[in-house]
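As a plain string of letters, each chain reads:
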Amino acid sequence: MSLRSGLLASIFAAGVATAGRPALDAQERVYAVASPAELELEVGASFQLAAEIQGAAEEGAASEVRWFAADDGVTVTPEGVVTAARPGEFRVAAMFRGQPSWVTIRVPRLEPARIEARVAGPVYAGATAALHLEAYTEPGSAVDDAKFAFASADAAVATVDAAGRVLGHGPGQTVITVSAGDASARVDVTVEPNAAEEYELAASGDVNSLSTGDVAAFRLVGRGAGGGEIPLAPLWSVTPSGASVEPVDGRGLFVAEEPGTYLVTAIAGPAIARTVSVRVGPRRHTARLELVGSGITSTHRAGDTWVFEGVDGRDYAYLGTFYHDWMKVWDVTDPAQPVLTDSIQLDARRINDVKIHPDNRLGIVTREGASSRRNGIVLLDLSNPAHPEILSEYTDTVTGGVHNVWILGDEDLVYACHNGTSELVILDISDPANPREINRWAHDEPVRSLHDVIVQDGYAYASFWNEGIYILDAGAGTHGGTARDPKLVSRWVSGQGNTHVAWRHGKYLFVAAEIYPSDWDPNALGPIEARGYVEVLDMTDMDEPVKVAHYTVPEAGAHNLWSDDRDRLYVGYYQAGLRVLDISGELRGDLYRQGREIGAIKTSSPDAAVPNWSMTWGAQLFKGRIFTSDLHSGLWIARLVEEELVP
């Protein structure tokens, strides 16, 4: 569950967590019972649910029933037509006068309907090459646990083992048939004569001076009588535990999580195997993280923050609030002693996001849960940044609430994540007193849940929760898009869902997932056992993002991200605090276990709204300081102190 789900969750929390009848006295209350209590639906199928009113109900009471989906795996109309979007077990509630009655919907796993197969590299007599295999369901989703079977039309030319490795027996051609369930694919295989007289396992650099987290690339090559190279695609292994070797385009990419000496082995056939020794030392860092100051909030919870230099030459941090209707204004010119200069009251239960225009004269805050049900955004005049004034608001096409925004200063545009329709609404703020919608973008999947958006170097990265990251050309020009009319570039879906936010640094895109406990009550003040992780995508080919690494702090929840020009990633990791990560060089594998963390600070206080429990929100770098907010305790400022690395 996300913070964005809070308002809906607070309604659901009042009810029971089981299907069927609520635990209410039928003689005291009128209530609804949803039916059926359990239902099985195929992906793409729909069913009309029913809700019967129990008790002494007045005529027409049934018209008050509204249906809501508690999970993203199904959709449901207000009238109760439920549609399955993906396999799994999900819940739908019939809401009647504040009480839910639940239906459990099971969507069975789909078998593969289509297989894509190819040989990953040339096949030589006496050598092996892997089959690259992907299976998809009829709707097009990947099947990660498909069980493949293989058959060769001519075993004298080539055979395939159970792991999908093709072994060439003699020059010639054959066809390999790959099957999984009722799906099948044919792969043409040509086995070439093997002219290699010797084999070498070559490394990309010095493999005796690596640190944990460093990536070394290995290649197994054969050489003929004339010295020409014969590329091979071997099977890779490493011993002992504490390191891994990943096959990528015929290479073996080695990375260690623990210091030690390792043996890397490449096997490319019954008589083709080579091994090299690799020595790895501990990763060392040249900075330490220290606390500078804080602005503790004890009476309410905090939201996002943005820091800027005002037109008066002083520095300010604007802080949103959660289940509170005031935006806080902090003077942070002296970051060791923040001073609260003002609070701006809005009609909202939540002021989640705060952004400042690059000209530092205009601020934008988001609004959710307004009593008028007209949410949207509020624009602030920053002529006096210590005491900003409301300039205007925009609610017309975003009344359902806005969770996050991004300002494109050069274009005077705002990208707003609209809760009501989960569309990216594009607003023209060139006349900030009269904002207007000029366009909107959304994907066409059956389930849609837009959470956040950032725009970097002409690309927009829209986080659509379980639908993944959608990458848009928003002015880069590579796919015909502009800031006013973005176009889809590609999409990447995490196998674990909960895509919350993304941040681009160099060739990598860092994607954070946020997971809240299913029984979390946003109305209650108390510790939150959140979970989450950061996945790392290689964006070398913008059309084909590839996951290469991940960063997961045990038993904690990831939130917002930032990076600097020294290859450091700053992560608000909820109860694990503010974390700083070394992201230099090539990234592969488990960054946490590789010792890439530079430092961490717990943003907790005994004087906080929830004492002694960090819920660090994110990070922003400003004038050599790291600013972050904490859901439970407010504003925090830290810094990295550079130190000389002593041999």
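None of these values were measured; they are calculated from a predicted model.

**A look at the overall build of the chain**
So, step 1. The helix and strand tally for the chain stands at 1 helix and 56 strands.
So, step 2. Scaling as 2.2 N^0.38, a compact globule of 647 residues should have a C-alpha radius of gyration of about 26 Å, and the chain matches this with 28 Å.
So, step 3. Principal-axis analysis of the C-alpha atoms gives the chain an extent of 85 × 65 × 45 Å.
So, step 4. Surface accessibility of the chain: about 27,000 Å² in total, with carbon and sulfur atoms responsible for 47%.

**Let's talk about the pattern of salt bridges**
So, step 1. Applying the stated criterion across every chain, the model contains 35 salt bridges.
So, step 2. In this structure, the salt-bridge partner of Arg484 is Asp428, at a minimum N-O distance of 3.0 Å. Within this pair, whereas Arg484 is found in the loop between strand 43 (469–473) and strand 44 (487–492), its partner Asp428 is found in strand 39 (residues 423–428), the two being separated by 56 residues in sequence.
So, step 3. With a relative accessible area of 35%, Arg484 lands in the partly exposed category.
So, step 4. The exposure class of Asp428 is buried, given its relative accessible area of 3%.
So, step 5. A salt bridge links Glu642 to Arg566; the nearest nitrogen and oxygen atoms lie 3.2 Å apart.

**Description of the sheet that holds strand 37 (residues 402–408)**
So, step 1. The 4 strands are arranged 37-38-39-40 in an open sheet whose pairing can be described as antiparallel. With one partner strand each, in any of the chains shown, strand 37 and strand 40 (436–441) form the two edges of the open sheet. On average, adjacent strands in this sheet sit at an angle of 25 degrees to one another, irrespective of strand direction.

**Quick notes on empty space enclosed by the protein**
A probe as big as a water molecule, rolled over the atoms, marks out the empty space that is left.
So, step 1. What the rule picks out here adds up to 2 cavities of 30 Å³ or more.
So, step 2. Its boundaries defined by the atoms lining it, the largest cavity holds a volume of some 300 Å³.
So, step 3. As for the largest cavity, its lining consists of 31 residues, of which Asp304, Lys355, Asp452, Asn560 and Leu561 are closest to the centre.
So, step 4. Here the element with the most residues in the lining of the largest cavity is strand 45 (residues 499–505); it accounts for 4 residues.
So, step 5. Class assignment of the residues belonging to the lining of the largest cavity gives a composition of 13 nonpolar, 12 polar and 6 charged.

**Details of the sheet that holds strand 2 (residues 38–40)**
So, step 1. Spatially, 4 strands are ordered 2-9-8-5 in an open sheet, and the strand pairing comes out mixed. For this open sheet the edge positions go to strand 2 and strand 5 (66–69), each flanked by a neighbour on one side alone. Neighbouring strand axes in the sheet, compared pairwise and without regard to direction, differ in orientation by 25 degrees on average.
So, step 2. Two elements, strand 2 and strand 9 (residues 99–107), share 3 bridges in a ladder whose sense is parallel.

**Comments concerning the domain arrangement of the chain**
So, step 1. Its domain assignment divides the chain into domain 1 (33–107), domain 2 (114–192), domain 3 (206–281) and domain 4 (287–642).
So, step 2. Taken together, the contact between domain 3 and domain 4 spans 11 residues of the former and 7 residues of the latter.
So, step 3. Approximately 800 Å² of surface area, both sides summed, lies buried where domain 3 meets domain 4, with 44% of it carried by carbon and sulfur atoms.
So, step 4. The largest per-residue losses of area from domain 3 upon contact with domain 4 belong to Gly213, Val215 and Glu257, which jointly make up 54% of the total buried on that side.
So, step 5. For the interface between domain 3 and domain 4, the tally reads 3 salt bridges.

**So, the pairing of strand 46 (residues 508–515)**
So, step 1. The element strand 46 is largely enclosed, with a buried count of 7 among its 8 residues.
So, step 2. Sheet analysis places strand 45 next to strand 46, joined by 6 bridges and oriented antiparallel. Counted as the bridge partner of Trp503 is Phe510 from strand 46.
So, step 3. Connecting the antiparallel pair strand 45 and strand 46 is a turn made up of 2 residues, with Gly506 showing a positive phi of about 60 degrees.

**Some details on the side chain of Asp353**
So, step 1. With respect to the helices and strands, the residue Asp353 is situated in the loop between strand 32 (350–351) and strand 33 (354–356).
So, step 2. In this structure Asp353 comes out as buried when scored by relative accessible area, which is 0%.
So, step 3. Within polar-contact distance, the side chain of Asp353 engages the side chain of Lys355 at 2.8 Å.
So, step 4. Contact partners of Asp353, with chain neighbours within four places excluded, come to Asp304, Ile364, Val365, Thr366, His403, Asn404 and Val405.

**A word on the environment of Val248**
So, step 1. With respect to the element layout, Val248 can be found in strand 23 (residues 243–248).
So, step 2. By relative accessible area, Val248 is classed as buried at 17%.
So, step 3. Taking the C-alpha atoms as reference points, Val248 and Ser463, separated by 215 residues in sequence, lie 28 Å from one another.
So, step 4. Val248 has contacts with Leu253 and Arg588, leaving out every residue within four places of it along the chain.

Parameters and conventions
Residues numbered from 1 in each chain as written. Predicted model: local features only at pLDDT ≥ 70, side-chain atom pairs only at ≥ 80, totals over all residues. Heavy atoms only, no water. Helix = DSSP H or I, 4+ residues; strand = E, 2+ residues; numbered from the N terminus. Rg over C-alpha atoms; globule rule 2.2 N^0.38 Å. Areas by Shrake-Rupley, 256 points an atom, 1.4 Å probe, with all protein chains shown as cover. Salt bridge = Lys/Arg side-chain N within 4 Å of Asp/Glu carboxyl O. Buried < 20%, exposed > 50% of the residue type's maximum accessible area, 1.4 Å probe, protein only. Pairing = 2+ DSSP bridges. Axes fitted to C-alpha atoms, helices over the stretch in contact; angles between N-to-C directions. 1 Å grid on protein atoms, 1.4 Å probe; cavity = no way out; pocket = protein on both sides within 12 Å on 5 of 7 lines; lining within 4 Å. Points joined across faces, edges and corners; volume = space filled by probe spheres on them. Nonpolar A, V, L, I, M, F, W, Y, C, P; charged D, E, K, R; others polar. Domains from an automatic or database assignment. Contact = heavy atoms within 4.5 Å. Buried area = accessible area lost by both parts, 1.4 Å probe. Polar contact = N/O pair within 3.5 Å; in protein donor to acceptor, adjacent residues only side chain to side chain.

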